[in-house]
Amino acid sequence: MWGGRFAAGPDAIMEAINASIGFDKRLAKQDIDGSRAHAAMLAAQGILTDSDAEAIREGLLTVLSEIEGGTFQFSTALEDIHMNVESRLKEIVGEPAGRLHTARSRNDQVATDFKLWVRDQMDAAMAGLTALMQALIGQAEAGADWVMPGFTHLQTAQPVTWGHHMMAYVEMFARDRSRFADARKRMNECPLGAAALAGTSFPIDREATAAALGFDRPAANSLDAVSDRDFALEYLSSATICAMHLSRMAEELVIWSSAQFRFVTLSDRFSTGSSIMPQKKNPDAAELIRAKIGRILGANVALLTVMKGLPLAYSKDMQEDKEQVFDAADNLALALAAMEGMVRDMTANVANLEAAAGSGFSTATDLADWLVRVLDMPFRDAHHVTGALVKLAEDKGCDLPDLSLADMQSVNGQITADVFDVLGVHNSVASRMSYGGTAPAQVRAQITRWKEALA
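K.L.:
Explain helix H18 (residues 440–454) to me, using residue names and the numbers behind them.
P.N.:
Here H18 spans 21 Å end to end across 15 residues, near enough to the 21 Å set by a 1.5 Å rise per residue. Within the sequence span of H18, burial applies to Pro440, Gln442, Val443, Gln446, Ile447, Trp450 and Leu454. Down the axis of H18, the sector holding all buried residues measures 155°, keeping them to one side.

Structure follows, in structure tokens:
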């Protein structure tokens, strides 16, 4: 590749540390797509003859078919995917292959390839998130009326509906989807034609190559175009937040499926057993999803660390930009698919949810609100009265609805029998009609909104 300048080949250790073909061969399709667009543009601009361009086009298609068919022989001596493709192209078409690299460098070539690959991963993440959101909406629609405990500090707080809880994750994952969409829009500028760092003296048409590859426009600064890895960092940042949300939901599924909670039953398809304990049904898919955040966050930190001290333009350090992104993308796609499968298959144990919803004095806030609304009591006073009633119920070993009116009036004589209307969990959730609240009517409104948005 650079024999005119070097008299000897690289040491074996140098070849090992320098070669990237072991991982960047994943960019083969993107590399060939970029080369085809570049060759077509060179021909259109009169820089290549039509016959050379056609030979290159056909040769590249042959190379792609060999790679996809598993017959292509990758060579570490050729360093990377770009030189492996070009070398094979020369074997197929001869001299025209040597003209393909006119008006470009491996610097703009790899930046283009990597952008195309990351863009595909953003599209895949958005599709995976859409499928997961639809699965959650299905669960929410089935259980818009089912009551369950809502928690703060993992302590019973107030009753909510199953549908409301499912829709909370729809909102989270929708924000994740919007982050990928936003990053995709920002990164959709084509580096091809920036050459090594300064552009080229050939009369190329960068608008044509950008359009051919589905970019919105060419990158405006050649130095930035070959130096930029923001698009990969934004992908990893979005993936990290998404993986964190997946981890939170996975943790809830681990808790909910335990013998102590029994809120949900996970399907056999997403559970495993024990080699020694025959009764065990472990939520291993959820636990593995919970762990993926470590790898994805690690990839984000690793690439930030690689990029943090690099001067413009290209440095060989940037060869370390891909493996972490490849690994993160693989694991995010797997986690999204596994979570979608678990959500679609899981069964809510409605009776257990309802029994738990009424425990732990979950309607105490409803009682306090009733004191404010009916007796015109300042909320802080109502809070104090309700706390005293909770203590009384706790001492009696019962829940708030089980106190007698006399018990209630022993704490505050103004309380009437009407108070019992707000102490049931179904009455509690039905009353939460504020926008975004847990009332079944509000949940159904949000389900309708999202079904329309995703249609």
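K.L.:
Account for unusual backbone geometry, with residues named and values stated.
P.N.:
The omega torsion of the bond from leucine 312 to alanine 313 falls at 10°, within 30 degrees of zero and hence cis. When you line up the elements, alanine 313 lands in the loop between helix H11 (284–307) and helix H12 (323–345). Phi at alanine 195 takes a positive value of approximately 60°, unusual for a residue other than glycine. Residue classification places alanine 195 among the buried residues on the basis of a relative accessible area of 7%. Backbone geometry places aspartate 376, a non-glycine residue, at a positive phi of 55°. For aspartate 376, the position within the fold is in the loop between helix H14 (364–375) and helix H15 (379–396).

K.L.:
An account of the pattern of salt bridges is requested, with residue identities and associated values reported.
P.N.:
For the structure on display, the rule yields 31 salt bridges. For glutamate 234, the salt bridge identified is with arginine 186, shortest N-O distance 2.6 Å. Of this pair, glutamate 234 sits in helix H10 (residues 230–256) while arginine 186 sits in helix H7 (residues 162–187), and the two are 48 residues apart along the sequence. Here glutamate 234 falls in the partly exposed class, since its relative accessible area comes to 25%. Of the charged contacts in the structure, one is a salt bridge between aspartate 345 and arginine 269, with a shortest N-O distance of 2.8 Å. Placement of aspartate 345 in helix H12 and of arginine 269 in the loop between strand S5 (264–265) and H11 is noted, with a sequence separation of 76 residues between them. Note on aspartate 345: relative accessible area 26%, which makes it partly exposed. One network of salt bridges, in which partners are shared, links Glu79, Asp80, Arg106 and Lys316.

K.L.:
Can you lay out the packing of aromatic side chains for me, pointing to particular residues and giving the numbers?
P.N.:
Counted according to the given criterion, the structure contains eleven aromatic pairs. With a centroid separation of 5.5 Å and 75° between ring planes, the pair formed by phenylalanine 114 and phenylalanine 231 is classed as edge-to-face. One end of the pair, phenylalanine 114, is in helix H6 (residues 106–142); the other, phenylalanine 231, is in helix H10, and 117 residues separate them in sequence. Neither phenylalanine 114 nor phenylalanine 231 differs from the other in exposure class; each is buried.

K.L.:
Outline the environment of aspartate 216, supporting the account with residue identities and numerical values.
P.N.:
Topologically, aspartate 216 is positioned in the loop between helix H8 (206–212) and strand S4 (217–218). Taking the C-alpha atoms as reference, aspartate 216 lies 34 Å from isoleucine 447; in sequence the two are 231 residues apart.

K.L.:
Tell me about the layout of surface pockets, and please be specific about residues and values.
P.N.:
The space that makes up the largest pocket amounts to roughly 660 Å³. Phe151, Val160, His164, His165 and Ala168 are the residues nearest the centre of the largest pocket, which is lined by 31 residues in total. Elements represented by at least two residues in the lining of the largest pocket include exactly strand S1 (147–152), strand S2 (155–161), H7, H10 and H18. Top element by residues in the lining of the largest pocket is H7. It accounts for seven residues.

K.L.:
So, the nonpolar core: which residues are in play, and what are the values?
P.N.:
In terms of nonpolar packing, the biggest core is built from 98 residues, with Phe180, Tyr235, Leu246, Leu332 and Met339 touching the most fellow members. In this structure leucine 246 touches Leu132, Phe173, Ile289, Leu332, Ala335, Leu336 and Met339, once residues within four positions along its chain are discounted. In terms of nonpolar packing, the next biggest core, distinct from the first, is built from 20 residues, Trp370, Leu371, Met377 and Val422 among them.

K.L.:
Run through the environment of isoleucine 293, naming residues and quoting values.
P.N.:
Structurally, the position occupied by isoleucine 293 is in helix H11. A sequence separation of 49 residues divides isoleucine 293 from methionine 244, and the C-alpha atoms of the two residues are 5.8 Å apart.

K.L.:
Give me the lowdown on the pairing of S1, citing residues and values where you can.
P.N.:
Of the strand pairs in this sheet, S1 and S2 are connected by six bridges, and their pairing is antiparallel. Directly across from threonine 152, in S2, lies its bridge partner glutamine 155. A loop of two residues connects S1 with S2, the two strands running antiparallel in sequence, and histidine 153 in this loop sits at a positive phi of about 60°.

Definitions and limits used
- Residues numbered from 1 in each chain as written.
- Predicted model: local features only at pLDDT ≥ 70, side-chain atom pairs only at ≥ 80, totals over all residues.
- Heavy atoms only, no water.
- Helix = DSSP H or I, 4+ residues; strand = E, 2+ residues; numbered from the N terminus.
- Expected span 1.5 Å × (residues − 1).
- Buried < 20%, exposed > 50% of the residue type's maximum accessible area, 1.4 Å probe, protein only.
- Arc of directions from axis to C-beta.
- Salt bridge = Lys/Arg side-chain N within 4 Å of Asp/Glu carboxyl O.
- Phe/Tyr/Trp six-rings, centres within 6.5 Å; stacked < 30°, edge-to-face > 60°.
- 1 Å grid on protein atoms, 1.4 Å probe; cavity = no way out; pocket = protein on both sides within 12 Å on 5 of 7 lines; lining within 4 Å.
- Points joined across faces, edges and corners; volume = space filled by probe spheres on them.
- Core = buried A, V, L, I, M, F, W, Y, C linked by side-chain atoms within 4.5 Å.
- Contact = heavy atoms within 4.5 Å.
- Pairing = 2+ DSSP bridges.

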